[in-house]
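Structural description and commentary
The residues making up each chain are set out below.
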Amino acid sequence: MKRALITGITGQDGPYLAELLLQKGYKVFGTVRRLSTPNMENISHLQDKIELLSADLLDQTSLSEAIEQAEPDEVYNLAAQSFVKASFDQPVLTGEFTALGVTRVLEAIRNINTKIKFYQASSSEMFGKVVETPQKETTRFHPRSPYGAAKVYGHYITQNYRESYDMFACNGILFNHESPRRGIEFVTRKISHAVARISLGKQKKLELGNMSAKRDWGFAGDYVEAMWLMLQQDKPDDYVIATGETHSVHEFVQLAFAEVGITDWEKYVQSNSPKHLRPAEVDYLIGDYSKAKSKLGWQPKTSFKELVSMMVQADLEREKK
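Residues numbered from 1 in each chain as written. Predicted model: local features only at pLDDT ≥ 70, side-chain atom pairs only at ≥ 80, totals over all residues. Heavy atoms only, no water.

**Observations regarding the pairing of strand β4 (residues 74–77)**
Burial of β4 is two-sided: the residues Glu74 and Tyr76 facing one way and the residues Val75 and Asn77 facing the other way are all buried. Two elements, strand β1 (residues 3–7) and β4, share 4 bridges in a ladder whose sense is parallel. Along β4, the bridge assignment pairs threonine 7 with asparagine 77. Of the pairings in the sheet, the one linking β4 to strand β5 (residues 117–123) comprises 4 bridges and is parallel in character. The partner of glutamate 74 across the bridge, within β5, is lysine 117. (Buried < 20%, exposed > 50% of the residue type's maximum accessible area, 1.4 Å probe, protein only. Helix = DSSP H or I, 4+ residues; strand = E, 2+ residues; numbered from the N terminus. Pairing = 2+ DSSP bridges.)

Written out as structure tokens, the structure reads:
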């Protein structure tokens, strides 16, 4: 039986990845931070099927102990301070978690067992102010946030350990991927949650920042399969995971309101709200996933429209309860 350790298992991607690995017969371990009261909502249905270990990306010893306990064949590093806007408010902490945290996990693996396969969650935010469209594995990075900059460090340090210590370490450069398990502070979930509440008469307004920002949005449940596939290859490599389509926040809002039968949605939405604007915006992200398609046999299964519908319906269910 294969064994896997997932850091950040209580986030959005962790539960989807855990479900996939359990289906494939893995013994699954996840890390939770010792001091916080972890939000278990996303993994409540999995708690009797997985084993949780205490570890923190800021604490080298705890990571080593978790890896020694789990004895994993594969480690998926999904933990990070992942909210872009918060990275402007807490740039140093973001660097500690999202950049140096990766090094701590890699160091623990190097010291315990270099045969462990490692997956690092890289991000399309590393491209930032894009130098070419669409973005692929060879596109130069130009991050536009402390989060993006920290992810670039994590990406390069993963390559560095791969080349220096002959470790099986991969970067998945995942473009925006969403789901009903997305945190409420992220724009897609903020929209689906607000639309559900507005349609039920529980909320009057939806406040947003830049509605013309365009993103390549996929479904998190599809993307975790790509993570797993990367670690099943003969050689470690880096891959862009995306849909190859781009949609604006405006389109997301329109589709979300259409899902609940509201056509005059403009009267419920206030855009360009200063508190939701970033100091430096990323305008146009769209990924070229042709390498993942040819090497991994991976492609997205869920359309943009299906994704919006899934998120709004899940929030409607939640709000009705």
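**Structural notes on unusual backbone geometry**
Residue proline 134 is reached from threonine 133 by a cis peptide bond, and omega for that bond is -5 degrees. With respect to the helices, strands and loops of the structure, proline 134 is situated in the loop between β5 and α5 (146–165). In this model, glutamate 71 sits at a positive phi of 45 degrees, which is unusual for a non-glycine residue. By secondary structure assignment, the location of glutamate 71 is in the loop between α2 (60–70) and β4.

**Some remarks on the environment of serine 54**
Tracing the backbone shows serine 54 in strand β3 (residues 51–54). Residue serine 54 is classed as partly exposed on the basis of its relative accessible area, which comes to 30%. When the C-alpha atoms of serine 54 and arginine 34 are compared, they prove to be 5.4 Å apart, with 20 residues separating the residues in sequence. Excluding residues within four positions of it along the chain, serine 54 makes contact with Val32, Arg34, Ser62 and Ala66. (Contact = heavy atoms within 4.5 Å.)

**Some words on the packing of helix α6 (residues 187–199) against helix α8 (residues 249–259)**
Relative to each other, α6 and α8 sit at 30 degrees, their axes nearing to 10 Å. Considering their axes alone, α6 and α8 lie roughly parallel with respect to each other. The handedness of the crossing between α6 and α8 is right-handed. In this structure, α6 uses Val187, Thr188, Ile191, Val195 and Ile198 to contact α8, whose residues at the interface are Val249, Phe252, Val253, Ala256 and Phe257. (Axes fitted to C-alpha atoms, helices over the stretch in contact; angles between N-to-C directions. Parallel < 35°, antiparallel > 145°, perpendicular 65-115°, else oblique. Left-handed = near helix turned anticlockwise from the far one by under 90°.)

**Topic: the sheet that holds β1**
The strand order across the open sheet built from 7 strands is β3-β2-β1-β4-β5-β6-β11, with neighbouring strands paired in parallel fashion. Since the sheet does not close on itself, it has two edges, and those belong to β3 and β11 (239–241), each with one partner. The mean angle between the axes of side-by-side strands here comes to 25 degrees, regardless of whether they run parallel or antiparallel. This element, helix α1 (residues 13–23), spans β1, β2 (27–32), β4 and β6 (169–174) of the sheet and lies at about 175 degrees to β1. Contacting β4 and β5, helix α4 (residues 91–112) runs over the sheet at an angle of about 170 degrees to β5.

**What to know about the packing of aromatic side chains**
Ring pairs (aromatic) are described by centroid distance and by the angle formed between their planes. Tallying each qualifying case throughout the model produces 13 aromatic pairs. Considering the side-chain rings of tryptophan 217 and phenylalanine 252, the 5.3 Å spacing of their centres and the 65 degrees angle between planes classify their relative orientation as edge-to-face. Taken as a pair, tryptophan 217 in the loop between β9 (214–215) and β10 (218–219) and phenylalanine 252 in helix α8 lie far apart in primary sequence, 35 residues in all. Accessibility classification places tryptophan 217 together with phenylalanine 252 in one group, the buried group. An aromatic cluster of at least three residues, connected via ring pairs, comprises Phe127, Phe141, Tyr156 and Phe175. Here the guanidinium or amino end of arginine 110 rests over the ring plane of tyrosine 165, the centre of that ring lying 4.6 Å away. Against the face of phenylalanine 186 rests arginine 182, its NZ or CZ located 3.8 Å from the ring centre. (Phe/Tyr/Trp six-rings, centres within 6.5 Å; stacked < 30°, edge-to-face > 60°. Lys NZ or Arg CZ within 6 Å of the ring centre and 35° of its normal.)

**Some words on α8**
For α8, the complete set of buried residues consists of Val249, Phe252, Val253, Ala256 and Phe257. Here the buried residues of α8 occupy an arc of 125 degrees about the axis, which is enough to place them on one side. Elements in contact with the buried residues of α8: α6, β8 (206–207), β12 (247–248), β13 (269–270) and α10 (304–320). One or two steps after α8, the chain reaches glycine 261, where phi turns positive at roughly 80 degrees. (Arc of directions from axis to C-beta.)

**Focus on the packing of α2 against α4**
Contact geometry of α2 with α4 gives a least axis separation of 9 Å together with a crossing angle of 50 degrees. Classified by the interaxial angle, the pair formed by α2 and α4 is oblique. In this structure, the crossing between α2 and α4 has a hand that is right-handed. Contacts between α2 and α4 involve Gln60, Leu63, Ser64, Ile67 and Glu68 on the former and, on the latter, Arg104, Val105, Glu107, Ala108, Ile109 and Ile112.

**So, the environment of tyrosine 161**
Mapping tyrosine 161 onto the fold places it in helix α5. With 54 residues separating them in the primary sequence, tyrosine 161 and glutamate 107 have C-alpha atoms 8.7 Å apart. If sequence neighbours within four positions are ignored, tyrosine 161 has contacts with Thr103, Leu106, Glu107, Arg110, Asp166 and Met167.

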